[in-house]
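Overview (structure and organization)
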Amino acid sequence: MRLNLRIWRQAGIAHKGEMVEYRVDDVSPDMSFLEMLDVLNERLTLAGEDPIAFDHDCREGICGMCSLTIDGEPHGPQRSTTTCQLHMRHYRDGDTITVEPWRAKAFPVVKDLVVDRSAFDDIIASGGYISAPTGSAPDAHATPVAKADADAAFENAACIGCGACVAACPNGSAMLFTAAKVVHLNALPQGQPERRDRVLNMVDTMDDAGFGGCTLTGECATACPKGIPLESISTLNREYLKASLKRA
Amino acid sequence: MTDIGEYVLGEPVVDQKAPDGPIAERWSRRRFEAKLVNPANKRKLSVIVVGTGLAGGSAAATLGELGYRVKSFCYQDSPRRAHSIAAQGGINAAKNYRNDGDSVHRLFYDTVKGGDFRARESNVHRLAEVSVEIIDQCVAQGVPFAREYGGLLDTRSFGGAQVSRTFYARGQTGQQLLLGAYQALERQIAAGTIEMHDRHEMLELIVVDGRARGIVARDLVSGEIFTEYADAVVLASGGYGNVFFLSTNAKGCNVTATWRAHRKGALFANPCYTQIHPTCIPVSGDHQSKLTLMSESLRNDGRVWVPKEAGDSRAPGDIPEAERDYYLERIYPAFGNLVPRDIASRAAKNVCDEGRGVGPGGLGVYLDFSDAIDRLGRAAVEAKYGNLFEMYERITGENPYETPMRIYPAVHYTMGGLWVDYDLQSNLPGLFVIGEANFSDHGANRLGASALMQGLADGYFVLPNTIGDYLAAGPFETLTDAHPEVRKARESVTDRIERLLAVNGDRTVDSFHRELGHIMWEYCGMERSDEGLRKAIGLIRDLREEFWRRVKVPGTGAQFNQSLERAGRVADFFELAELMCVDALHRTESCGGHFRAESQTDDGEAKRDDEAFSYVAAWEYGGELPVLHREELNFEYVKPTQRSYK
Amino acid sequence: MALDTRTKRPAKTSRAVPAALWRSTIGKKVIMSITGLIMIGYLVAHMAGNIKVFSGEEKFNSYAHWLRTFGEPVLPYEGFLWLMRVLLLVAVVAHIVSAVQLTRRAVKDRPRSRTGKPRGGGYVTFTMRSGGVILFLFIIWHILDLTTLTVNERAEVGNPYGNLVATFDTWYGNVIYIAALLALGYHLKHGIWAAAQTLGVGTTTRNRVFRPAAVLVALVITVGFVAVPIGVMTGVVS
């Protein structure tokens, strides 16, 4: 099939970007979205043009590197699917597809469709861990964890840090990302000693990084390829309030 | 030195650090005998760690905790994205929580045997000992392993093991373990002990006075060439499966860091040992950019078959039972569909070679769940494999509840890597290699759920204990960019980039990589032969020559340039590919992941030759011809036997 | 660091609870939730009072008088009313200041999408933000109309019933009032649910109740208020 693409091109952080139109012929329905871009890039390279820069790595939906906003939706139209797992059989001959990078103040564009998500690393560095220096651990069975707690922790630990939640949010908020880590660690007995500092510091860092506030539109949870529930934000708020009231 | 056509035979190599005595005491003896670094001096010592996967991430975090100044590098935008994240199955540990007869010795025994007697006993025993501590460590970090209703950890039996020793976190064990290491790493970044360089790719090793002292890296965003110095360099840059172009590795996985070190004198051991995984989603067309693995657990309930007649193009549902060949059940009645990975893979290749393969290009076999659905009910099958079926449908557009899955083998893991001693130090002083990047623990074949174990064992527990023995002699002389060796290293990097950009030919990097992959898969894949390997070496040389004449790399070196990144990696893959073929050619036996057509039993099984090949093949970079150094393997505790799965 | 775009974390400043809450985005949302709940409480009481209009002029006016004398002699005349007014003013100001700050933070320097389609979540933020502005303007008009009687042409001090009827006898009075009440309904529908999440009481199970409960409360308040102008229009109240 033939597709018309409108793709964001931007030479670098300090440059202005623009939408550029491309046409791709011979798209196979079995191709993944990124393979379709590979085909376009091969053609651009041979034509002496600058190929389109986009982030990708594992191409199996787990590393969280791919980050395209397709027709206004982070990771495209298919639910619970990262860009790399989206296949062209969902499109029809002659479709026009708009491809943009994540749009958020806290994620500046590095080039074309590539953005800088290091603010996420900063949030984790400020408290998204359990301090357990190597060698200090007791036996793994020393502390049983209720299955419900373990499951809640796992559900939230599934976050791949792709940033789709921020890109989907009309406020550019990172609440779902931060919530996923706080809920994961605070649900476990091992996470209790640092429970309060964790949430306070992570929220501080999140705010400092320039993410917007949360208006609970739920767009983040809809866009999340790993199904992190919106309720995690409520839990984050509870943890934050409790910690705030106790820190005085 | 003897010239043997494709390579030169050099002096044997010996592991100087390997302790002797009873095997169960060797690791504690080595730890006692290794020199310690005064805690106050650790701040003055710096270590570069390249790669942030399970091995690199855990090593950087632990070294940071110990007080060393760590400089960590990864090519991804965040250390959390390293490809360890994609491991699905689980992690082995000899905890014996099930009371089912497991022990450190049994895990040791299984791993040596699984590696087809091509691994060092001392290393493997240490791995089995440390496995127990890994689980403790990860649980303390908050890794959400699967648990039972009583709140204790759940385990399962994996990859044909007869004990239940595999800990898991649904199908995302690698992700959860990596995030644990990543969080520990970020904690140390915040503490100021680790300096993180993301989107940086190591392009050269700096060796001064025979010691590894630093690296030359490229800032992938600005294109700036960047030097970093340290008292020791740790490579944790993963495996080289992407030499096949199509593999289950991430697109960015590459051999450059280890290959550059190899060119600077580090020995490359057993490059021909590659593991091929039998249950991957087959190639759908020429556009294919990578292959997706599906958990091996599918073979517990799925039945593998192909049509009996070659060229049968009927839909699977139209082929009557009598005209189906359940070939694994037929050939291996005892193990059936659960034969080890290499056997299942080769059997699939054989039936496809006979023209009985299914799907596009005839490269696939059916994995059929209709019997399981009849027997257990659809709900039970969904509960067990629902997420895998969903993934399959997302990629292929076919519903596996209605039509059988199609699967085909794909390259998954590389057991070979840089040669290291018991301390995980290469033959270059100060250069340590950990995780999949080294060759040390899996021999010729890796058991399921052992990769995660080895990566974390090396990073959390082994390297931090052994590196001190080397660093105790430091800190070493301060280096600057003006040092002649540094200048040389920087120039070699900039020259190479300029050369790649200057070709300005008419073929893309990917077209070369794809072609190289075809050659490797055809002649150095599941089955290798003397004739095929010799042919491959010729083809690789021609293609490499053409690459440097016709490749087109757009843009400049002073910008974010993904084509340039790939071009450099592919250039190194060419050189590695040739060495892999030479290694495969010289090893005329079949063992583990290396199957030589000439060395099989009458009924087509792999035949090892312990008389001639019970050694590690450690290759020295020799310019024209590689130089082979052999390290003899001795088996005191597990006596070599031939595998049989009939 | 690959990039120079990492935000450096400033040294921690105030650790006192109110200041820390005021500094953080979650804290501001908590303030909005609490002030929002105060205003909802007021709205319910106000609505219940309004319904008295259906009991006739006398009862309604005596209710209005009772409001002014409530708490006497402990409180002075209109004391209770003024207490409520101060409380409401503080709530409204805190609510609006937080909202404006959070909105500016979200909107300022936000990169625009070029799809031509509105960004997801626009409906909710629209009802909250434009709804908030509409309500703010309405409150000013409402006070000028029925409290200070500044813009009510036929106003008469001491006859709230008459003043009310006078307002809803005009077409513009009805339009402004009903439009604002619809905006209020939408504002509450999301606001009540969001407040539950912000105060951290939302869980998967409870949210099954919170969602419809928020709709119900919003509906009851809106219908209760709108009943009055409709009553005047249909002649039930005159």
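What counts, and at which threshold
- Residues numbered from 1 in each chain as written.
- Chains lettered and ligands numbered in written order.
- Predicted model: local features only at pLDDT ≥ 70, side-chain atom pairs only at ≥ 80, totals over all residues.
- Heavy atoms only, no water.
- UniProt positions renumbered as here; feature names shortened; annotations may be inferred.
- Salt bridge = Lys/Arg side-chain N within 4 Å of Asp/Glu carboxyl O.
- Helix = DSSP H or I, 4+ residues; strand = E, 2+ residues; numbered from the N terminus.
- Contact = heavy atoms within 4.5 Å.
- Buried area = accessible area lost by both parts, 1.4 Å probe.
- Polar contact = N/O pair within 3.5 Å; in protein donor to acceptor, adjacent residues only side chain to side chain.
- Nonpolar A, V, L, I, M, F, W, Y, C, P; charged D, E, K, R; others polar.
- Phe/Tyr/Trp six-rings, centres within 6.5 Å; stacked < 30°, edge-to-face > 60°.
- Buried < 20%, exposed > 50% of the residue type's maximum accessible area, 1.4 Å probe, protein only.
- Lys NZ or Arg CZ within 6 Å of the ring centre and 35° of its normal.

Per an unreviewed UniProt entry, chain C carries the name Succinate dehydrogenase subunit C and comes from Stackebrandtia albiflava. Recorded under Subcellular location (unreviewed entry), the UniProt text for chain C is reproduced unchanged: "Membrane".

Going by what an unreviewed UniProt entry lists, chain A is known as Succinate dehydrogenase / fumarate reductase iron-sulfur subunit and is assigned to Stackebrandtia albiflava. Database annotation for chain A, UniProt heading Sequence similarities (unreviewed entry): "Belongs to the succinate dehydrogenase/fumarate reductase iron-sulfur protein family."

This next bit is on the pattern of salt bridges. Two side chains of opposite charge can pair, provided their charged atoms sit close to one another. Taken as a whole and assessed by the stated rule, the structure comprises 81 salt bridges over all chains. The salt bridge partner of Asp139(A) is Lys95(B), with a shortest N-O separation of 3.1 Å. With Asp139(A) in the loop between helix 2 (118–125) and helix 3 (147–157) and Lys95(B) in the loop between strand 5 (91–92) and helix 4 (104–114), this pair bridges two chains. With its nearest N and O atoms 3.8 Å apart, the salt bridge here joins Arg154(C) to Asp169(C). Here Asp169(C) lies in helix 6 (residues 160–169) and Arg154(C) lies in the loop between helix 5 (122–147) and helix 6, a separation of 15 residues in the sequence.

Moving on to the interface of chain B and chain A. Opposite the 73 residues of chain B that make contact, chain A presents 74 residues. When the two sides are added together, the surface that chain B and chain A hide from each other amounts to roughly 6000 Å², 54% of it contributed by carbon and sulfur. A per-residue breakdown of the area chain B buries against chain A is headed by Arg81(B), His287(B) and Arg394(B), which together make up 12% of the total. Here chain B is connected to chain A by 4 salt bridges. Among the salt bridges present, the one from Arg199(B) reaches Asp55(A), with a minimum N-O distance of 2.7 Å. Our count for the contact surface shared by chain B and chain A stands at 41 residue pairs in polar contact (both at pLDDT 80 or more). Every element with two or more residues in the side of chain B that touches chain A is listed here: helix 3 (54–66), helix 5 (121–141), helix 6 (173–191), helix 11 (378–396), helix 12 (451–471), helix 14 (509–523) and helix 16 (562–586) of chain B. With 8 residues, helix 6 of chain B is the largest single contributor of residues to the side of chain B that touches chain A. Here the residues of the side of chain B that touches chain A are counted per class, giving 25 nonpolar, 27 polar and 21 charged.

What follows is about the packing of aromatic side chains. On inspection of all chains with the given rule, the structure shows 37 aromatic pairs over all chains. Plain terms: the ring middles of Phe138(C) and Tyr177(C) are 5.6 Å apart, the flat faces sit at 70° to each other, and that makes the pair edge-to-face. Remark: Tyr177(C) occurs in helix 7 (residues 171–198) and Phe138(C) occurs in helix 5; sequence separation between them is 39 residues. Side by side, Phe138(C) and Tyr177(C) carry an identical accessibility label, which is buried. Taken together, the aromatic side chains of Phe60(C), Tyr63(C), Trp66(C), Phe70(C), Phe80(C) and Tyr161(C) make up a single cluster linked through ring pairs. Over the face of the ring belonging to Tyr149(B) we find Lys147(A), whose NZ or CZ atom lies 5.4 Å from the ring centre. Cation over ring: Arg587(B) sits above Tyr615(B), and NZ or CZ is 5.1 Å from the ring centre.

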